[in-house]
Amino acid sequence: MRSIWKGAITFGLVNVPVKVYSATEDHDLPLHQVHDADGGRIRYQRRCEVCSKVVSYSDIDKAYDDGERTVVLTDDDLATLPSERSKEIDVVEFVPTKQIDPIMLDRSYFLEPDGSSPKAYVLLRRTLEEADRTALVLFSLRQKTRLAALRVRGDVLMLQTLLWDDEVREARFPSLDAAVRISAKELQMSRSLVESFASDFAPEQFSDAYQDELRTLVEAKLAQGDALSTEETFGGTADEEDPGGEVLSLMDALTRSIEANRAKKKNGVAAKKAAAPSTSAGRGSSTSATKSSAKSSTKAPPKKKAAPRKKSA
């Protein structure tokens, strides 16, 4: 596997350098389009609709269209965004695992320790194993800010990116509003049917029948000599090395993080007491205190999504 990203998990003052790997892969047989007359490869061209010229990928910028106006965003513009430059996987909070709805789960990634010592990595892994909670983290990957669940799988830390709340559609079907009467006998029979199919999940017992048949068909055509001579068209580039630093004193970082959180809570309590209204006691006279208005947090407007990148062949 090749790492797709390098960064560090930040947990208080603890810094855990990691490499990120895709945890899943597509097993579909890769197919491309050819001309039915001569088998020539069909390729797509990036052609400008204004000047009709074929444009190289290096000369393409992104743009957002609101229906009336278009805003062009260059690579330099996008590079100014602080979130995109961040290489931190920031632990935000720990939540009960059961509160994460499976519908929000998106992509999965394995994390490998990237440093001279895996001590901080192992410490975080064991902490997550013992806690009955899942760590929620924020990080940036491929020009997108991601919300993810940090959890343990075997002896490896892994990230599972989560969909944002507004990306999950609401299921509202009027047809389900109708009253339906289920008899006890029907429910009993349905339960019996479920029991007849009951088993333990063994993913290795299942396979993609269509892909298996497709591979058999391709192998048969190759064996019959029904093939064209083609050149290798795919390749890859090695990851650029990005030096990562290890925490010099792990215990010191943990201690300072705990002290900082305690001080923060203590200051918060003191601030509340100082802001409390005072009253002066005296017969026939009283002093009215004005209550301080609570600060209300305003929700930042949602970021506009960039126009989708045109796919190349």
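Residues numbered from 1 in each chain as written. Predicted model: local features only at pLDDT ≥ 70, side-chain atom pairs only at ≥ 80, totals over all residues. Heavy atoms only, no water.

Q: Break down the nonpolar core for me, with residues and values.
A: Among the nonpolar cores identified, the biggest contains 23 residues, and I9, L111, L150, L157 and L159 are the most heavily contacted of them. For this core, the elements supplying multiple residues, two or more each, are β1 (5–11), β2 (14–22), β5 (88–96), β6 (105–113), α3 (119–130), β7 (133–140), β8 (145–153) and β9 (156–162). Once residues lying within four places of it in the same chain are set aside, the contact partners of L157 are I9, Y109, F110, L111, Y121, L124, R125, L128, L150, R151 and V152. Membership of the second largest hydrophobic core comes to seven residues, among which are M104, L136, A149 and L162. (Core = buried A, V, L, I, M, F, W, Y, C linked by side-chain atoms within 4.5 Å. Buried < 20%, exposed > 50% of the residue type's maximum accessible area, 1.4 Å probe, protein only. Helix = DSSP H or I, 4+ residues; strand = E, 2+ residues; numbered from the N terminus. Contact = heavy atoms within 4.5 Å.)

Q: Tell me what's going on with helix α5 (residues 209–223), and back it up with residues and numbers.
A: Structurally, the α-helix is built with 3.6 residues per turn, so residues lying three or four positions apart point the same way. Between its first and last C-alpha atoms α5 spans 21 Å; for 15 residues at 1.5 Å apiece the expected length is 21 Å, and the two agree. The N-cap of α5, judged by a side-chain oxygen 3.2 Å from the amide nitrogen of Y210 a few residues on, is D208. Positive phi appears at G225, one or two residues downstream of α5, with a value of about 80 degrees. (Expected span 1.5 Å × (residues − 1). Polar contact = N/O pair within 3.5 Å; in protein donor to acceptor, adjacent residues only side chain to side chain.)

Q: Lay out the packing of aromatic side chains in plain terms, naming residues and giving numbers.
A: Taken as a whole and assessed by the stated rule, the structure comprises three aromatic pairs. Relative to F94, the ring of F11 has its centre 5.7 Å away and its plane inclined at 80 degrees; by these criteria the two rings are edge-to-face. Taken as a pair, F11 in strand β1 and F94 in strand β5 lie far apart in primary sequence, 83 residues in all. Look at F94 and you get partly exposed, because its relative accessible area is 29%. (Phe/Tyr/Trp six-rings, centres within 6.5 Å; stacked < 30°, edge-to-face > 60°.)

Q: Explain the pattern of salt bridges to me, and be specific about the residues and the numbers.
A: All chains considered together, the criterion is met by two salt bridges. Across the salt bridge formed by D66 and R69, the nearest N and O atoms sit 3.3 Å from each other. The class for D66 is partly exposed, based on a relative accessible area of 37%. Residues D177 and R172 are paired through a salt bridge, measuring 3.3 Å at the closest nitrogen-oxygen approach. (Salt bridge = Lys/Arg side-chain N within 4 Å of Asp/Glu carboxyl O.)

Q: Can you break down the environment of L111 residue by residue, with the values?
A: Here L111 is to be found in strand β6. We classify L111 as buried; its relative accessible area is 2%. In sequence terms L111 and P17 are 94 residues apart; their C-alpha atoms lie 9.4 Å from each other. Aside from chain neighbours lying at most four places away, what touches L111 is I9, V18, K19, V20, Y121, L150, V156, L157, M158 and L159.

Q: Now, about the confidence of the model for the protein chain: what can you tell me, with residues and values included?
A: In the predicted model, the protein chain carries a mean pLDDT of 78, and 77% of its residues have values of at least 70. Low pLDDT, under 50, characterises residues 232–248; the stretch is placed with 20 contacts to residues that sit more than four places away or in other chains. Under a pLDDT of 50 for its full length, residues 279–306 has, in the predicted model, eleven contacts with residues more than four places off or in other chains. (pLDDT = per-residue confidence, 0-100.)

Q: Describe the state of the cysteines, listing the residues and the values that go with them.
A: Scanning the model with the defined rule gives zero disulfides in all. C48 takes part in no disulfide bond, and the closest cysteine sulfur to it belongs to C51, at a distance of 3.7 Å. You can call C48 partly exposed: its relative accessible area is 26%. The exposure class of C51 is partly exposed, given its relative accessible area of 43%. (Disulfide = S-S within 2.5 Å.)

Q: So what's going on with the sheet that holds β8? Residues and values would help.
A: The strand order β1-β2-β6-β9-β8-β7-β5 describes a closed barrel built from seven strands, whose pairing is mixed. Taken pair by pair, the neighbouring strands of this sheet meet at an average axis angle of 40 degrees, ignoring direction. Examined bridge by bridge, β7 and β8 share six bridges and lie antiparallel to one another. Across the sheet, S140 pairs through a bridge with T145, a residue of β8. (Pairing = 2+ DSSP bridges. Axes fitted to C-alpha atoms, helices over the stretch in contact; angles between N-to-C directions.)

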